[in-house]
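Report on the structure
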Amino acid sequence: MNISRVAEQGLVLLGCGKMGSAMLAGWLEHGLPAASVWVIDPYPSDWLKAQGVNINTPLPESPAVVLVAVKPQMMGEALPAIQALGGGDSLFISVAAGTSLATFENVLGADTPIIRAMPNTPAAVRQGITALIGNSEASDADIVLAEGLLSAIGETVRLDDETQMDAVTGVSGSGPAYVFHLIETLAQAGEAHGLPPELAMKLAKSTVAGAGALAMAADEHPSQLRVNVTSPNGTTQAALEVLMHEEEGFPDLLHRAVKAATNRSKELSRE
């Protein structure tokens, strides 16, 4: 991560909740000086106060980056605080769900370089994945800078079009909750078949975490990994006949779940 320009000109972080804190912790660990960071947050945490960053103080005139990390509901009251920085050399990066590039351009000016990003909650343990898209003013160098900053919380991917952001929300943005529910229900199923609750939960958590790690590390496609562990007429095949059922299994269920989240994302961005 190239932090020299950011260190020299400064970084403004609007909102420092869980996502903002995870990013800030990563940047500081990567060597960004605390004195180069300005945080605007009405309720700064004790952790934030202990980091040595500038909190709720006058902002630099032309920071390298302004990163918007407030909840979408707070966006309206938060934006005026950074409006004066629009239309200049500052790159704006938003990790606020459902807030379009056009919304930012209306407030900051269409000549402002803006990048919209969608991270997810595993960012808290540096295992997130963030999708990025820039407006017409955002240069390749701006995108690279944004990728460098967001790599502090995990992987990044570039989108071709902002319309893809709703589906990204349905897959990776909301997706961790689907996996948490899988762990929860897998453990409950283990309990139902005679396992003590703590043991069932430990088995479920480790199985999902381990399978995810194997899927990330392996060269084979996940479908091949599935085949690799499925012996003919064995236990896994018996389970997969239930899970892969066309009308009642995962294919239809997850398709409907992702569709519902994607459609809701579209609705929220219009409200």
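Residues numbered from 1 in each chain as written. Predicted model: local features only at pLDDT ≥ 70, side-chain atom pairs only at ≥ 80, totals over all residues. Heavy atoms only, no water.

Viewed as axis vectors pointing N to C, helix α8 (residues 165-173) and helix α9 (residues 175-192) meet at an angle of 30 degrees, and their least axial separation amounts to 5 Å. With respect to α9, the axis of α8 lies roughly parallel. Here G170, V171, S172 and G173 of α8 lie close against α9, whose contacting residues are G175, P176 and Y178. Taken together, the residues that form the contact of α8 with α9 break down as three nonpolar, four polar and no charged. (Axes fitted to C-alpha atoms, helices over the stretch in contact; angles between N-to-C directions. Helix = DSSP H or I, 4+ residues; strand = E, 2+ residues; numbered from the N terminus. Parallel < 35°, antiparallel > 145°, perpendicular 65-115°, else oblique. Contact = heavy atoms within 4.5 Å. Nonpolar A, V, L, I, M, F, W, Y, C, P; charged D, E, K, R; others polar.)

Below, the discussion takes up the confidence of the model for the protein chain. Regions with low pLDDT carry predicted coordinates that are not meant to be interpreted in detail. The predicted model of the protein chain averages 93 in pLDDT, with 99% of residues at 70 or higher. Within the protein chain, α9 carries the highest mean pLDDT (98), whereas helix α4 (residues 75-78) carries the lowest (73). (pLDDT = per-residue confidence, 0-100.)

Time to look at the UniProt feature "domain: Pyrroline-5-carboxylate reductase dimerisation" (unreviewed entry) in the protein chain. Feature annotation in UniProt assigns "domain: Pyrroline-5-carboxylate reductase dimerisation" (unreviewed entry) to the following positions: residues 162-268. Here residues 162-268 is 78% helix and 0% strand, with 15 Å between the C-alpha atoms at its ends. (UniProt positions renumbered as here; feature names shortened; annotations may be inferred.)

According to the domain assignment, the protein chain contains domain 1 (3-168) and domain 2 (174-269). The C-alpha centroid of domain 2 is placed 33 Å from the C-alpha centroid of domain 1. With seven residues of domain 1 at the interface, the matching set in domain 2 holds eight residues. Approximately 580 Å² of surface area, both sides summed, lies buried where domain 1 meets domain 2, with 52% of it carried by carbon and sulfur atoms. Summed over the shared surface of domain 1 and domain 2, the number is one residue pair in polar contact (both at pLDDT 80 or more). (Domains from an automatic or database assignment. Buried area = accessible area lost by both parts, 1.4 Å probe. Polar contact = N/O pair within 3.5 Å; in protein donor to acceptor, adjacent residues only side chain to side chain.)

Turning to the environment of P33, a few remarks are in order. Tracing the backbone shows P33 in the loop between α2 (18-29) and β2 (37-40). By relative accessible area, which is 35% here, P33 ends up partly exposed. Residues P33 and V171, spaced 138 residues apart in sequence, show a C-alpha to C-alpha distance of 35 Å. In contact with P33, other than residues within four places in its own chain, are A7 and L28. (Buried < 20%, exposed > 50% of the residue type's maximum accessible area, 1.4 Å probe, protein only.)

With that settled, consider the sheet that holds strand β4 (residues 65-68). Spatially, the eight strands line up as an open sheet ordered β3-β2-β1-β4-β5-β6-β7-β8, and their pairing is mixed. Two strands close off the open sheet at either side, each with one partner strand: β3 (54-55) and β8 (154-158). In this structure, strand β1 (residues 11-14) lies alongside β4, joined through four bridges in parallel fashion. Following the sheet pairing, L13 is matched in β4 by L67. Strand contacts of α2: β1, β2 and β4, with the helix running at about 160 degrees to β1, the strand carrying the most contacts. The strands that α8 touches are β6 (114-118) and β7 (128-134); relative to β6, the one it contacts most, it runs at about 35 degrees. (Pairing = 2+ DSSP bridges.)

Turning to the nonpolar core, a few remarks are in order. In terms of nonpolar packing, the biggest core is built from 33 residues, with L13, L24, W27 and I93 touching the most fellow members. Counting residues per element, the ones that place at least two in this core are β1, α2, β2, β4, β5 (91-94), β6 and α7 (140-150). Per-element accounting of this core gives the leading share, five residues, to α7. One finds W38, L108, L159 and V168 within the second-largest nonpolar core, a separate group that totals 24 residues. (Core = buried A, V, L, I, M, F, W, Y, C linked by side-chain atoms within 4.5 Å.)

What follows concerns helix α10 (residues 197-217). With 21 residues, α10 extends 30 Å from end C-alpha to end C-alpha; this agrees with the ideal 30 Å at 1.5 Å per step. Buried within α10 are the following residues: A200, A204 and V208. Buried positions in α10, seen along its axis, are confined to an arc of 60 degrees and lie on one side of it. Exposed positions of α10 whose direction lies more than 90 degrees from the buried face are E198, K202, M216 and A217. As for α10, its buried residues are in contact with α9. (Expected span 1.5 Å × (residues − 1). Arc of directions from axis to C-beta.)

Glycine aside, residues mostly have negative phi, and peptide bonds are mostly found in the trans state. For N56, which is not a glycine, the phi torsion comes out positive at approximately 50 degrees. Here N56 shows up in the loop between β3 and β4. By relative accessible area, which is 43% here, N56 ends up partly exposed. Backbone geometry at R126 places phi at a positive 60 degrees, although glycine is not the residue there. A residue is classified by how much of its surface remains accessible, and R126, at 29% relative accessible area, is partly exposed.

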